[in-house]
Amino acid sequence: MTDSEKLNAALTELQAFLGERATAAPMHRMAYSRDWSPRFKDMVDLPDIVVVPHNTDEVVQIVQVALKYELPVIPFAGGTGMGGGVVAWKGGIMIETKGMNKVLEIDPDNMSVTVQAGITIWELNEHLAPYGLWLPHQPESKRACTVGASIGVDNDSTFGVRYGKILDCLTNVVVVTGRGEAVRMGHRKASFSSTGYNLMHLFVAGEGTLGVVTEATLRVVTLPKTRQVRGWVFPTLIDGARALERTLASGLSVESAHLNCRQRLHFYTHAYRQKYGREPEVPDWAESILFLSFAGDEDVVEFSLGKARQVIENEYKGELVREQEIVEGYWDSKHRLAFLPFKQKWPDSQREKKFGSADVGVPMGRLEEMYHAFLEISAKYEQQILGMTVYNESPNKVSPSISFAIFVDDSTEERVRNFFGYVREMSLKAVELEGTMSTYIGDGDRLGGFNAYEHGLSYEYMKDVKALFDPKNIMNPGKKFESRWIAPQGT
Ligand SMILES: Cc1cc2nc3c(=O)[nH]c(=O)nc-3n(C[C@H](O)[C@H](O)[C@H](O)COP(=O)(O)OP(=O)(O)OC[C@H]3O[C@@H](n4cnc5c(N)ncnc54)[C@H](O)[C@@H]3O)c2cc1C
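Residues numbered from 1 in each chain as written. Predicted model: local features only at pLDDT ≥ 70, side-chain atom pairs only at ≥ 80, totals over all residues. Heavy atoms only, no water.

## Focus on the overall build of the protein
Put simply, the rule is: For the purposes of this entry, the term helix denotes a DSSP run of H or I that reaches at least four residues, the term strand denotes a run of E that reaches at least two, and both are numbered from the N terminus. We call a residue buried when its accessible area falls under 20% of the maximum for its residue type, exposed when it is over 50%, and partly exposed in between, using a 1.4 Å probe and counting protein chains only. The contact criterion used throughout is that any non-hydrogen atoms of two residues lie within 4.5 Å. Computed with a 1.4 Å probe, the accessible areas rest on the Shrake-Rupley method; for each residue, only the protein chains presented here act as cover.
Check the secondary structure of the protein and you find 17 helices and 18 strands. Per-residue burial over the protein gives 56% buried out of 491 residues. Long-range contacts, defined here as pairs at least 24 residues apart, represent 74% of the contacts in the protein between residues at least 6 apart. As displayed, the protein offers around 20,100 Å² of accessible surface, 50% of which is attributable to carbon and sulfur atoms.

## Let's talk about the sheet that holds strand β13 (residues 256–261)
The following threshold applies: Note: two strands are recorded as paired if DSSP finds a minimum of 2 bridges between them. Here, axes are lines fitted to C-alpha atoms. For helices the fit covers the stretch in contact, and angles between N-to-C directions go from 0 to 180 degrees.
The seven strands lie next to each other as β15-β12-β14-β13-β17-β18-β16, forming an open sheet whose pairing is antiparallel. Every interior strand has two partners, whereas the edge strands, β15 (319–320) and β16 (354–358), have only one. Strand direction decides the pairing type here: β16 and strand β18 (residues 400–408), joined by five bridges, are antiparallel. When the sheet's bridge partners are listed, Ser357 is paired in β18 with Ala405. In the packing of helix α11 (residues 298–315) onto the sheet, the strands contacted are β12 (226–234), β14 (288–296) and β15, and the crossing angle to β12 comes to about 5°.

## Quick word on the state of the cysteines
Threshold: The disulfide criterion used throughout: a pair of cysteine sulfur atoms within 2.5 Å.
Throughout the structure, instances matching the rule amount to zero disulfides. Free cysteine Cys169: the closest other cysteine sulfur is in Cys145, separated by 13 Å.

## What about the site of the ligand?
Our working rule: Proximity criterion: a residue is near a molecule or strand once any of its heavy atoms comes within 4 Å of it. Polar contact criterion, stated in full: a pair of N or O atoms within 3.5 Å, where within protein one must be able to donate a hydrogen and the other to accept it, and residues adjacent in sequence count only if both atoms are side-chain atoms. Each residue receives one of three labels: charged for Asp, Glu, Lys and Arg, nonpolar for Ala, Val, Leu, Ile, Met, Phe, Trp, Tyr, Cys and Pro, and polar for the others, Gly being one of them. Throughout the structure description, domain borders are defined by an automatic or database domain assignment.
Within the structure, the ligand sits among 29 residues, and Pro75, Thr80, Glu140, Ser141 and Asp156 are positioned closest to it. Contact between the ligand and Gly81: an oxygen atom at 2.8 Å from a main-chain N or O atom of the residue. Starting from 980 Å² of accessible surface for the ligand in isolation, the protein chains cover 95%. In terms of residue class, the shell around the ligand is built from 14 nonpolar, 12 polar and three charged. Residue-level mapping places the shell around the ligand at the junction of two domains, with at least three residues from each of domain 1 (3–99) and domain 2 (103–222).

## Focus: the packing of helix α9 (residues 237–249) against α11
Put simply, the rule reads: The hand of a helix crossing depends on one turn: near helix anticlockwise from the far one by less than a right angle means left-handed, and clockwise means right-handed.
For the pair α9 and α11, interaxial distance at closest approach is 10 Å and the crossing angle is 145°. Between α9 and α11 lies a crossing whose hand is right-handed. Two secondary-structure elements touch here, α9 through Ala243, Arg246 and Thr247 and α11 through Ala308, Val311, Ile312 and Glu315. Residue composition of the contact of α9 with α11, by class: four nonpolar, one polar and two charged.

## A short note on the packing of aromatic side chains
Defined as follows: Pairing of aromatic side chains here covers Phe, Tyr and the six-membered ring of Trp, requires ring centres within 6.5 Å, and sorts the geometry by plane angle: under 30 degrees stacked, over 60 edge-to-face, intermediate tilted. Charge-over-ring contacts are defined here by two conditions on Lys NZ or Arg CZ: a distance within 6 Å of the ring centre and an angle within 35 degrees of the ring normal.
Tallied over the entire structure, the rule returns 19 aromatic pairs. Aromatic side chains Trp134 and Tyr163 sit 5.9 Å apart centroid to centroid with 85° between the ring planes, which places their arrangement in the edge-to-face category. One end of the pair, Trp134, is in strand β7 (residues 133–134); the other, Tyr163, is in helix α6 (residues 160–163), and 29 residues separate them in sequence. You'll find Trp134 and Tyr163 in the same group, each marked buried. Note on Tyr371 and Phe374: the rings are 6.3 Å apart at their centroids and 45° apart in plane angle, and the pair reads as tilted. Of this pair, Tyr371 and Phe374 both sit in helix α14 (residues 367–380), separated by three residues, roughly a single helical turn. Judged by relative accessible area, which is 0%, Phe374 ranks as buried. Taken together through their ring pairs, the aromatic side chains of Phe40, Tyr371, Phe374, Phe404, Phe419, Phe420, Tyr422 and Trp485 make up a single cluster. For Lys90, the ring lying beneath its charged end belongs to Trp89, and the centroid distance is 4.8 Å. Positioned above the aromatic ring of Trp36 is the side chain of Lys354, whose terminal nitrogen or guanidinium carbon lies 4.9 Å from the ring centre.

Below, the structure is given as structure tokens:
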């Protein structure tokens, strides 16, 4: 059978049970040709077929057809991924997962919710709000990003320093593996389990390379009654990090903690100047800004703010940002897909350049070194810096997940390749500094070829895990084990 005969036969079989929800029409395929990762303008990767299943059984049937004709299967969610995780550069069947967006059970007694994995985090929280509950795993892209994709890439959450990431919420998943079977994994609604192996964990950051997550059960928490957000500037970067460490050590429950470098601080002050036409009173010596939020009952939040100010301002030379509008501008950027400051004309509108990031992780003691490497490497590759933000993603710990953000010029292939050269060098540096190449974007089509370098012998076990769940290598091929953009030579 030729490739086109295979595709025609597969489409006919898919349409037999999906009807118009299986299509090879170019217009539909075009809508699934890329994500938010930098690509040069005329670069288009079309999947061969797009399908829109409504439940797990339909996904099982789709994967069985894919197995029969040995066609790639790629799960697509909000398409906001920044590493090319959904890009079908080997063709195949694109599964639009947002057709699976039902809430299957809300169980307030057990603070638990079971959903189909294509629901967005935003929609889920709208369902939970009448019960006074919410899912605290909140990436900034929550209006578009689904529960399945949060599991798929193990993305960051604004509130990670209090609640952790998606794995801290997850109690079980249903996955359609590359063997064409639906398998439930996890520990029902229990918080933990020490029986068997924790197979569910393999699907967190699995990027659809082992299977498609179709359902998930998550622990939820009570909506806080009130929240206060403040910002402090510091004379050095490390002062900001140490002030956070000390605030956590004091026993306070911090809800979110984001440390930004000087360039990123200027981004916020510039937005303030543009919007209000006034000069903010932020001192010139400020090298970093730490934003913290506290949430809960009003008296506890008031006390927490007072105690935090005492620690940060008395012990760490932190100065409270007087213009609360700067803090509100920052907070707004965490909750709206349209990030207001990006649209303003400094240093360039986002319409002219694209947002790109090296999302490495290093231990806190290596933060300064990584930051200086960022300045050097971005200059070497002629990248325009947006700045560094350090998110903290483990409950009650300084736990850097870092965005080294760049305005990417995507007007030519050469310039996009230059950006990936920057990502390559930043990734290698992070491993050298006892860290990891990625903390929230995932391998995508960028980093897979470097995994032997980061993971050593355990990379061989990863290959065996892949073969166990996906013996015919049909699940999102070209990710985790290959790099399309950057060659691993010299690693
Ligand atoms: C404005 C903006 C703000 C952002 N803010 C954040 C942030 O705060 N924190 C952060 O970490 N990231 C952030 N990102 C990056 C991005 O939103 C996240 O990485 C997010 O997880 C991608 O979700 P998505 O639904 O768009 O997934 P997609 O891009 O559609 O898919 C991402 C990956 O998950 C896989 N996948 C999708 N669904 C499934 C499934 N059901 N089963 C298995 N695999 C699946 C895909 O195959 C792909 O590999 C932001 C991006 C933008 C554009």
